[in-house]
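Residues per chain are reported as follows:
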Amino acid sequence: ALHDRTGPDNAEVQRVRLDVQYRPLGLEDFGRRLCEPGTSLIHGDLWPRSVLVGDDGLFLIDWEFCHHGRPCQDVGHLLAHLWMLNHVHGIGEDPMMSFVNGYGHDEQPDGPDTVTHMAAEILTRSEGPFVRGYLYDGKPGLAGEAIARGRDLLVRHPRLPRDVQGAIGPGQ
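Q: It is not clear to me how the overall build of the protein chain should be interpreted in this structure. Could you clarify?
A: The secondary structure content of the protein chain amounts to seven helices and four strands. The linear arrangement of helices and strands in the protein chain, starting from the amino end, is α-α-β-β-β-β-α-α-α-α-α. A total of 172 residues make up the protein chain; the buried ones form 44% of that total. Taking the intrachain contacts of the protein chain between residues at least 6 apart in sequence as the baseline, contacts between residues at least 24 apart amount to 65%. With the model as given, the accessible surface of the protein chain reaches about 9,600 Å², and the carbon-plus-sulfur share is 53%.

Q: Got a minute to help me understand the environment of Ala 119 in this structure?
A: Within the secondary structure, Ala 119 is located in helix α5 (residues 111-126). Residue Ala 119 is classed as buried on the basis of its relative accessible area, which comes to 0%.

Q: Even after reading the chapter, I still don't get the pairing of strand β3 (residues 57-60), so can you show me in this structure?
A: Each regular strand carries side chains that alternate between the two faces of the sheet. Strand direction decides the pairing type here: strand β2 (residues 51-54) and β3, joined by four bridges, are antiparallel. For Val 53, the partnering residue across the bridge sits in β3 and is Leu 58. The turn linking β2 back onto β3 is made up of two residues.

Q: Teacher, can you tell me more about the layout of surface pockets here?
A: Summary: where empty space remains is shown by rolling a probe the size of a single water molecule over the atoms. In this structure, the largest pocket occupies an estimated 260 Å³ of space. Lining of the largest pocket is provided by Val 13, Val 16, Arg 17, Val 20, Gln 21, Asp 45, Trp 47, Phe 65, His 77, Glu 121, Arg 125 and Phe 130. Among the elements that line the lining of the largest pocket, the one with the most residues is helix α1 (residues 11-22), at five residues. Each residue belonging to the lining of the largest pocket can be placed in one class, and the counts come to six nonpolar, two polar and four charged.

Q: Before we go on, may I ask you to explain the packing of aromatic side chains in this structure?
A: Each pair of aromatic rings is reported with the distance of its centres and the angle of its planes. The final tally for this structure, using the stated rule, is two aromatic pairs. Ring geometry for Tyr 22 versus Phe 30: centroids 5.3 Å apart, planes at 80°, classification edge-to-face. Grouping residues by exposure puts Tyr 22 and Phe 30 together as buried. With 6.0 Å between their ring centres and 55° between their planes, Trp 47 and Tyr 134 make a pair best called tilted.

Q: Could you clarify how one ought to interpret the pattern of salt bridges in this entry?
A: Think of it this way: side chains of opposite charge can pair up when their charged atoms draw near. Throughout the structure, instances matching the rule amount to seven salt bridges. Taking the shortest distance from any N to any O, the salt bridge between Arg 23 and Glu 28 comes out at 3.1 Å. Between Glu 127 and Arg 151 there is a salt bridge, with its nearest N and O atoms 3.0 Å apart. Taken as a pair, Glu 127 in the loop between α5 and α6 (140-155) and Arg 151 in helix α6 lie far apart in primary sequence, 24 residues in all. Linked by salt bridges that have partners in common, Asp 19, Arg 23, Glu 28 and Arg 32 make up one network.

Q: Help me out: how do you make sense of the nonpolar core in this one?
A: Note on soluble globular proteins: their nonpolar side chains tend to be buried together. Ranked by size, the top nonpolar core spans 32 residues in total, and within it Tyr 22, Leu 27, Trp 83, Met 84, Met 118, Ile 122 and Tyr 136 carry the most contacts. The element that contributes the greatest number of residues to this core is helix α3 (residues 71-89), accounting for nine residues. Once residues within four sequence positions are removed from consideration, Tyr 22 is found in contact with Arg 17, Leu 27, Glu 28, Phe 30, Gly 31, Leu 34, Gln 73, His 117 and Ala 120.

Q: Is there a simple way to explain the environment of Arg 33 in this structure?
A: Assignment of secondary structure puts Arg 33 in helix α2 (residues 28-35). Residues Arg 33 and Gly 69 lie 36 residues apart in sequence; the distance between their C-alpha atoms is 9.5 Å. A polar side-chain atom of Arg 33 sits 3.0 Å from a polar atom in the side chain of Asp 113.

Each value, and the rule that gives it
Residues numbered from 1 in each chain as written. Predicted model: local features only at pLDDT ≥ 70, side-chain atom pairs only at ≥ 80, totals over all residues. Heavy atoms only, no water. Helix = DSSP H or I, 4+ residues; strand = E, 2+ residues; numbered from the N terminus. Buried < 20%, exposed > 50% of the residue type's maximum accessible area, 1.4 Å probe, protein only. Contact = heavy atoms within 4.5 Å. Areas by Shrake-Rupley, 256 points an atom, 1.4 Å probe, with all protein chains shown as cover. Pairing = 2+ DSSP bridges. 1 Å grid on protein atoms, 1.4 Å probe; cavity = no way out; pocket = protein on both sides within 12 Å on 5 of 7 lines; lining within 4 Å. Points joined across faces, edges and corners; volume = space filled by probe spheres on them. Nonpolar A, V, L, I, M, F, W, Y, C, P; charged D, E, K, R; others polar. Phe/Tyr/Trp six-rings, centres within 6.5 Å; stacked < 30°, edge-to-face > 60°. Salt bridge = Lys/Arg side-chain N within 4 Å of Asp/Glu carboxyl O. Core = buried A, V, L, I, M, F, W, Y, C linked by side-chain atoms within 4.5 Å. Polar contact = N/O pair within 3.5 Å; in protein donor to acceptor, adjacent residues only side chain to side chain.

Structure follows, in structure tokens:
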């Protein structure tokens, strides 16, 4: 029952992400860590459509996936979607870098995990099960560029196991 819960629980969604997003990329250990409860309250599905801009500031909406997790998931998710939007629509000043510069991403202790989640989200949206109806649907050239970017992020990732690096190859 609702009153028996000690806080937001997103375990079922995290297990789906493990199966659909991380395991196919050889990132099962990473995905399992994200299935464990974290110490920060995170949005759980932070992307540009969850941010409303009004006269009084920014507002986050759609909190149905919020839970106690790791900030790397929210930050990596938002960075991936900002990068993809700029990649497909070329919206001028790079919104991803504007966010990174304002957020101070390099100072975060889970920065490498942020990059891993960002790469996994780009790959899932450009070649995985979530292509249909999103930015790369019907755009194989742009999808190929995004796939190369996502794989490049994984290959250059400092915590990535060597067997995963060999499985995906550099930038292919």
